[in-house]
Amino acid sequence: MKRENIAFELMVYDGFEELSENDQTLMEAAVAARKNAYAPYSKFQVGAALLLENGMVVTGNNQENACYPAGLCAERVAIFHAGATYPGVAIKALAISATSMNQPVSKPAAPCGNCRQSISEYEIKQQEPIRIMMMGETGTVLQCHSISDLLPLAFNNSFLS
Ligand code: THU
């Protein structure tokens, strides 16, 4: 038996203002998208904005359902939107912002497990990492280089051929 450590680099920004101008613009798109979230049950509103290699920005927000599991997170709405509208165009970065009608959200919301798996599918497909930035409404912004940082040892298509 040998032991292996899996580590990744997480960049911690004190706040939105510390991001580059381009990243602020992408995060602003996530914040704007968040406002159209349909979240009458959780009251937790999430916006996601993807920057594509052609410069387009594709957004999504969480869409809930009275039958709870039928709803979808912001990240998957955005990434499926990009896959459906711009197939073959690589995704460079993803910005996520969350807020709540119940309480202020001052810490970043990281994508759920299902979203990590979905984002991973597109990263593998394009063979290029997707940089991910996460923010609440205010406070720290976290960034990682790739979804593989958030989903190590991911299940992938290599098992299916
Ligand atoms: N949600 C997202 O949209 N993204 C996340 O990263 C975490 C959770 C949504 C799903 C649901 O509509 C609400 O937030 C509460 O879980």
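What comes next concerns the included structure. If you're wondering where the values come from, they're calculated on a predicted model, not measured in any experiment.

Turning our eyes to something else, we now look at the overall build of the protein chain. Along the backbone of the protein chain there are four helices and six strands. The N-to-C order of helical and strand elements in the protein chain reads β-α-β-β-α-β-α-β-β-α. What you see for the protein chain is a C-alpha radius of gyration of 16 Å, in line with the 15 Å of a compact globule of 161 residues. For the protein chain, buried positions account for 43% of its 161 residues. Sequence separation of at least 24 residues holds for 67% of the intrachain contacts in the protein chain that already meet a minimum separation of 6. Surface summary for the protein chain: the accessible area is close to 9100 Å², and the carbon and sulfur share equals 53%. Across the protein chain, the centroid of the 11 positively charged side chains sits 8 Å from that of the 16 negatively charged ones.

Let us look at the state of the cysteines. Scanning all chains against the criterion turns up zero disulfides. Note on Cys-73: no disulfide assigned, nearest cysteine sulfur contributed by Cys-115 at a separation of 3.8 Å. Cys-73 gets classed as partly exposed once you look at its relative accessible area, which sits at 25%. Residue Cys-112 stays outside any disulfide, its sulfur separated by 3.8 Å from that of Cys-115, the closest cysteine. For Cys-112, a relative accessible area of 31% corresponds to the partly exposed category.

Our next topic: the site of the ligand. If you check the shell around the ligand, you find Ser-42, Phe-44, Val-46, Asn-62, Glu-64, Cys-73, Ala-74, Glu-75, Ala-110, Pro-111 and Cys-112 and nothing else. Side-chain polar atom of Glu-75 to an oxygen atom of the ligand: 2.7 Å apart, as the coordinates give it. Here an oxygen atom of the ligand sits 3.4 Å away from a polar atom, N or O, in the main chain of Ala-110. For the ligand, whose free accessible area comes to 370 Å², the fraction covered by protein is 75%. Mapped by element, the contributors of at least two residues to the shell around the ligand are β2 (44–52) and α2 (74–85). Taken together, the residues of the shell around the ligand sort by class into seven nonpolar, two polar and two charged.

Structurally, the position occupied by Gly-15 is in the loop between β1 (10–13) and α1 (21–34). For Gly-15, a relative accessible area of 8% gives the class buried. The sequence separation of Gly-15 and Leu-142 amounts to 127 residues, and the corresponding C-alpha distance is 9.2 Å. Leave out the neighbours within four places in its chain, and Gly-15 touches Gly-139 and Val-141.

Turning to α2, a few remarks are in order. Counted at 1.5 Å a residue, the expected span for α2 with its 12 residues is 16 Å, and the 16 Å between its end C-alpha atoms agrees. Listed as buried for α2 are Ala-74, Glu-75, Arg-76, Ala-78, Ile-79 and Ala-82. Looking at the buried residues of α2, the elements they touch are β2, β3 (57–61), β4 (91–100) and α3 (113–126).

Rules behind the numbers
- Residues numbered from 1 in each chain as written.
- Predicted model: local features only at pLDDT ≥ 70, side-chain atom pairs only at ≥ 80, totals over all residues.
- Heavy atoms only, no water.
- Helix = DSSP H or I, 4+ residues; strand = E, 2+ residues; numbered from the N terminus.
- Rg over C-alpha atoms; globule rule 2.2 N^0.38 Å.
- Buried < 20%, exposed > 50% of the residue type's maximum accessible area, 1.4 Å probe, protein only.
- Contact = heavy atoms within 4.5 Å.
- Areas by Shrake-Rupley, 256 points an atom, 1.4 Å probe, with all protein chains shown as cover.
- Lys, Arg positive; Asp, Glu negative; His and termini not counted.
- Charge placed at Lys NZ, Arg CZ, Asp CG, Glu CD.
- Disulfide = S-S within 2.5 Å.
- Near = heavy atom within 4 Å.
- Polar contact = N/O pair within 3.5 Å; in protein donor to acceptor, adjacent residues only side chain to side chain.
- Nonpolar A, V, L, I, M, F, W, Y, C, P; charged D, E, K, R; others polar.
- Expected span 1.5 Å × (residues − 1).

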